[in-house]
Amino acid sequence: MNPAVYWSFADYVEGGRNPIADWYANDLSDDGRMQFDALLKNTGKIESHVQWSGFKFPKGELRKHRIWQLDFLADGRQYRVLGVFGSIRRQAVLLVGCYHKGKVYTPPDAFDTACKRAKALSEKRAATSERKIKFNI
Amino acid sequence: MSERSNLISKLKSDLETRASYIKAKLGVLVPSQIRALRLKSDMPRQADLAQASKMQQSRISMFETPGAANLTLETLSRIAAAFKVGVVVKFVPFSEMLDWENNFSQDQFNVVKLDNDRAFLNPQVVTSQAATLSFYRRPGARPVAWRHSGTVSIDYAIGDFSTVTDRNVQVVHNTSPQESIDPTFSMTFFSPQQVHMSTP
């Protein structure tokens, strides 16, 4: 029997555009996409978010917007997904995907963008789109 | 073509895609196991595990990060040793790897530590020429055993046995399952000298 899946994941969507889907399709390599898919599949089965691997609440401006980060490594890069918990119980909304080397982030405005998107979501100027977890592959 | 069909096609034809696929599963599930064991251990801080394994805390942090690179067998062995558990690394079909991934739960994952591992510390080895064990089986269930290369493998059992490999059968409980309808299903091991039994 498969273990319980506690969490669902959703992409940030604004004006009909899905920047997480764009990041997934265009900025991640095959390695990165597979790592990201495997990460979400496993993470959804961990009931307490504080026990998610690679999870933490960053300090500073991001914390004010209750933005968390989920780190993973792929193709020699340190990727970071920034997100917030959604209005639906146990829903994690992905706001921005980026990678960094030390304090140099790509894209460089990833944090600002995450804050703007978190604000847009809280003010209901943006929507979400469910991200399907691939249990069949 | 669906995403799944597309990926399967690439997996069949491309070495790098297969390597990425395998690496992605391992890259999530190995760090997740380390994290689960640490959180359930008597050394829940990364610094404690670092001390027990004689490694830097930054390395422990790295090993718990999904996609962790450079996790060698040497490192895995050292971490397992710190937890007082073993590690099994084996090659399997892709289907088995996917099952492992889908069935894995960090919340439920735990491993009996050496100090409490009665099957390892006090095994009873069967040395007689024949050994017969009883199984309970639901009507219509697949056969529970078949001969394989001179040894016996167990495919499906309910209630009173758990199976390990085709050479190792571990008795976990010795009680009848409440829901059992069938009479017992008996099975004789054809190579009993290769069957190790541990009583609970």
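Quick note: structure is the one above.
The structure reproduced in this document is the subject of the present report. Computed from a prediction, not measured in an experiment: that's the story for all the values here. (Residues numbered from 1 in each chain as written. Chains lettered and ligands numbered in written order. Predicted model: local features only at pLDDT ≥ 70, side-chain atom pairs only at ≥ 80, totals over all residues. Heavy atoms only, no water.)

Re the state of the cysteines
All names here are of chain A.
- Inspection of every chain in the model, using the stated rule, returns zero disulfides over all chains.
- Between Cys115, a free cysteine, and Cys98, which holds the nearest cysteine sulfur, the sulfur-to-sulfur gap is 12 Å.
- A relative accessible area of 10% means that Cys115 is categorised as buried. (Disulfide = S-S within 2.5 Å. Buried < 20%, exposed > 50% of the residue type's maximum accessible area, 1.4 Å probe, protein only.)

A closer look at unusual backbone geometry
- The omega torsion across Thr106(A) and Pro107(A) is 0°, close enough to zero to call that bond cis.
- Mapping Pro107(A) onto the fold places it in the loop between strand 6 (104-106) and helix 4 (110-122).
- Phi is positive for Lys54(B), which is not a glycine, with a value near 55°. (Helix = DSSP H or I, 4+ residues; strand = E, 2+ residues; numbered from the N terminus.)

Some thoughts on the pairing of strand 1 (residues 8-13) of chain A
Residue and element names in this part refer to chain A.
- Among the six residues of strand 1, five are classified as buried, and the element is accordingly described as predominantly covered.
- Of the strand pairs in this sheet, strand 1 and strand 5 (residues 91-101) are connected by four bridges, and their pairing is parallel. Pairing of Phe9 across the sheet is with Ala92, part of strand 5.
- Pairing of strand 1 with strand 7 (residues 127-131), which is carried by five bridges, proceeds in the antiparallel orientation. Counterpart to Asp11 in the pairing with strand 7 is Ser129. (Pairing = 2+ DSSP bridges.)

Things to note about the pattern of salt bridges
- According to the stated counting rule, one finds 20 salt bridges over all chains in the structure shown.
- Arg33(A) serves as the salt-bridge partner of Asp30(A), at 2.8 Å between the closest nitrogen and oxygen. Of this pair, Asp30(A) and Arg33(A) both sit in helix 2 (residues 30-43), three residues apart, which is roughly one turn of that helix.
- Given the relative accessible area of 28%, Asp30(A) is considered partly exposed.
- Where Lys84(B) meets Asp115(B), a salt bridge forms, and the shortest distance between an N and an O atom there is 3.2 Å. Of the two residues, Lys84(B) sits in the loop between helix 5 (73-83) and helix 6 (94-103) while Asp115(B) sits in the loop between helix 6 and helix 7 (118-121), which places them 31 residues apart along the sequence. (Salt bridge = Lys/Arg side-chain N within 4 Å of Asp/Glu carboxyl O.)

With respect to the packing of aromatic side chains
All names here are of chain A.
- By the definition in use, this model includes 19 aromatic pairs over all chains.
- Arranged with centres 5.0 Å apart and planes meeting at 80°, the rings of Trp7 and Trp52 form a pair that is edge-to-face. With Trp7 in the segment before strand 1 and Trp52 in the loop between helix 2 and strand 2 (55-56), the pair connects residues that are 45 residues apart, well separated along the chain.
- On the numbers, 6.0 Å between centres and 70° between planes, the contact of Trp52 with Phe85 is edge-to-face. Here Phe85 lies in strand 4 (residues 77-85) and Trp52 lies in the loop between helix 2 and strand 2, a separation of 33 residues in the sequence.
- Note on Phe85: relative accessible area 28%, which makes it partly exposed.
- One aromatic cluster is present, formed by Trp7, Phe9, Trp52, Phe55, Phe57, Trp68 and Phe85 through successive ring pairs. (Phe/Tyr/Trp six-rings, centres within 6.5 Å; stacked < 30°, edge-to-face > 60°.)

Coordinates in, geometry out; function isn't part of it.
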